[in-house]
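# Residue-level structure breakdown
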Amino acid sequence: MQRIAVFTSGGDAPGMNACIRAVVRTGIAMGKEVYGIRRGYAGMIEEDLFRMEKSSVSNIIQLGGTILQSARSEEFKTPEGRKKAYEVLQKHGIEGVVAIGGDGTFRGARIFMDEYPDIALIGVPGTIDNDLYGTDFTIGYDTAINTAMNAIDNIKDTANAHNRLFFIEVMGRDAGFIALRSAIATGAEAVLIPEDKTEMEELINMLEDNFHKKKRASIVVVAEGDDAGGAFQIAAQVKEKCPQFDIRCTVLGHIQRGGRPTCMERVLASRLGMEAVKALLVGTKSVMVGEIHRQIVFTPFEQATKYHQRINPDLIEMVELLA
Ligand code: ADP
């Protein structure tokens, strides 16, 4: 294998640039030519790729987003689209590809490799949600929880100044990892996540109890995909039962996706990028590279796309106990 490529796909995440840098520099250090494919599978189909040198990734380790950009491609979900992508890789002599993305990206990679087994793909987990099976942490998660934590700290200041109850919605359509960690780190009164059924009555009892004990400023962190709804919907239900509460809602939104990656993020992204290339060059393929208990672990795409990382119930209990 003389020529490899790298791309970022699906939801973008801080730390992707550090990973791209590691892939490019490891590949070149091992005597290979490295290509960057822009906009994920869409760019692969449209032949939007370029040769990368060591200098192509200078000064990007500290940047959020992705210099290769990301995209979602409906065309890649069709056999015709994948055929075009294959022809582009063949034309450029690319035999190995590092795909930085989430489970959708790996699902696509697996199907592609079933159809074109002469291309070796290896995945690196990049998503702020941390819901991927086969790694303790995904690229983007640490930065996202730190961003959420800092924003919630700011809101706590004003909540305390006015005795207000705040519902703060964080990202996580299907997973509560961002909500749970940011709730613990900010000493929130409650956390509502999709993995744990929300009992409205329990929540209201707890908030009323706090109110009577004169603890009137409270923070409730809500994952956007909670079963009881988003922050605004839940706040409306609480207000109806407890009109005495002075309630505000904040949706943190896309600020959680951007920003300078944390130190932990840059180190994880660099390590996974380097290990992905090393593995690719010794013939490993169709796996996602992750880090579990600080060790590098390869999980077949089949499993990485079938299972999800599970929430640790001890951490949910911790929020309740320490509030
Ligand atoms: P993520 O990788 O963050 O989970 P998506 O789920 O949007 O993001 O997946 C990224 C891209 O992967 C999609 O736009 C599509 O091109 C490709 N993909 C996802 N699922 C499939 C599939 N079943 N077959 C082929 N390609 C897929």
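With that settled, consider the environment of Glu291. With respect to the element layout, Glu291 can be found in strand S10 (residues 287-292). Every residue in contact with Glu291, bar those within four places of it in the chain, is listed here: Gly134, Thr135, Asp136, Phe137, Leu268, Arg271 and Leu272.

Core analysis: the biggest nonpolar cluster contains 60 residues, and Val6, Val98, Val124, Ile178, Ile219 and Val221 have the highest contact counts within it. At eight residues, the largest contribution of residues to this core is made by helix H5 (residues 141-162). Inspection of this core shows a minimum of three residues originating in each of domain 1 (3-140 + 261-306) and domain 2 (142-258). Not counting residues within four places of it along the chain, the set of residues in contact with Val6 comprises Ile20, Val23, Val24, Val34, Tyr35, Gly36, Ile37, Met52, Leu68, Val98 and Ile100. Counting residues in each nonpolar core, the second largest holds 27 residues, with Ala5, Tyr86, Phe106 and Tyr116 among its members.

Right, let's get into the sheet that holds strand S7 (residues 190-192). Pairing is parallel in the open sheet, where four strands are placed in the order S7-S8-S6-S9. Two strands bound the open sheet, and with one partner strand each, they are S7 and strand S9 (247-251). Ignoring which end each strand starts from, the neighbouring axes of this sheet average 20° apart. Against the sheet, helix H6 (residues 177-186) contacts strand S6 (165-170), S7 and strand S8 (218-223), and its axis sits at roughly 160° relative to S8.

The next point concerns the side chain of Thr8. For Thr8, the location among the structural elements is in strand S1 (residues 3-8). What makes Thr8 buried here is its relative accessible area of 0%. Separated by 2.9 Å, the side chains of Thr8 and Thr66 make a polar contact. Apart from residues no more than four positions distant in its own chain, Thr8 is found in contact with Met16, Ile20, Arg39, Gly40, Thr66, Leu68, Gln69, Ser70 and Ile100.

A common way to state how big an interface is: give the accessible area lost once the parts meet. Its domain assignment divides the protein chain into domain 1 (3-140 + 261-306) and domain 2 (142-258). Listed per partner, the contact involves 14 residues of domain 1 and 13 residues of domain 2. Here domain 1 meets domain 2 over a buried area of about 1,100 Å², counting both sides, of which 55% is carbon and sulfur. It is Ile128, Asp129 and Thr262 that lose the most area in domain 1 upon contact with domain 2, and together they represent 42% of the buried surface on that side. On inspection of domain 1 and its partner domain 2, the count reaches zero salt bridges. Taken together, domain 1 and domain 2 are joined by six residue pairs in polar contact (both at pLDDT 80 or more). A breakdown of the residues in the side of domain 1 that touches domain 2 according to their chemical character gives six nonpolar, four polar and four charged.

Between its terminal C-alpha atoms helix H1 (residues 16-29) stretches 20 Å, which fits the 20 Å expected from 14 residues at 1.5 Å a residue. Of the positions making up H1, those classed as buried are Met16, Asn17, Ala18, Cys19, Ile20, Ala22, Val23, Val24, Thr26 and Gly27. Those residues of H1 hidden inside the fold are in contact with S1, strand S2 (33-37), strand S3 (49-52), strand S4 (96-101), strand S5 (120-125) and helix H9 (263-281). Positive phi shows up at Gly31, right after H1, with a value of about 80°.

What counts, and where the lines are drawn
- Residues numbered from 1 in each chain as written.
- Predicted model: local features only at pLDDT ≥ 70, side-chain atom pairs only at ≥ 80, totals over all residues.
- Heavy atoms only, no water.
- Helix = DSSP H or I, 4+ residues; strand = E, 2+ residues; numbered from the N terminus.
- Contact = heavy atoms within 4.5 Å.
- Core = buried A, V, L, I, M, F, W, Y, C linked by side-chain atoms within 4.5 Å.
- Buried < 20%, exposed > 50% of the residue type's maximum accessible area, 1.4 Å probe, protein only.
- Domains from an automatic or database assignment.
- Pairing = 2+ DSSP bridges.
- Axes fitted to C-alpha atoms, helices over the stretch in contact; angles between N-to-C directions.
- Polar contact = N/O pair within 3.5 Å; in protein donor to acceptor, adjacent residues only side chain to side chain.
- Buried area = accessible area lost by both parts, 1.4 Å probe.
- Salt bridge = Lys/Arg side-chain N within 4 Å of Asp/Glu carboxyl O.
- Nonpolar A, V, L, I, M, F, W, Y, C, P; charged D, E, K, R; others polar.
- Expected span 1.5 Å × (residues − 1).

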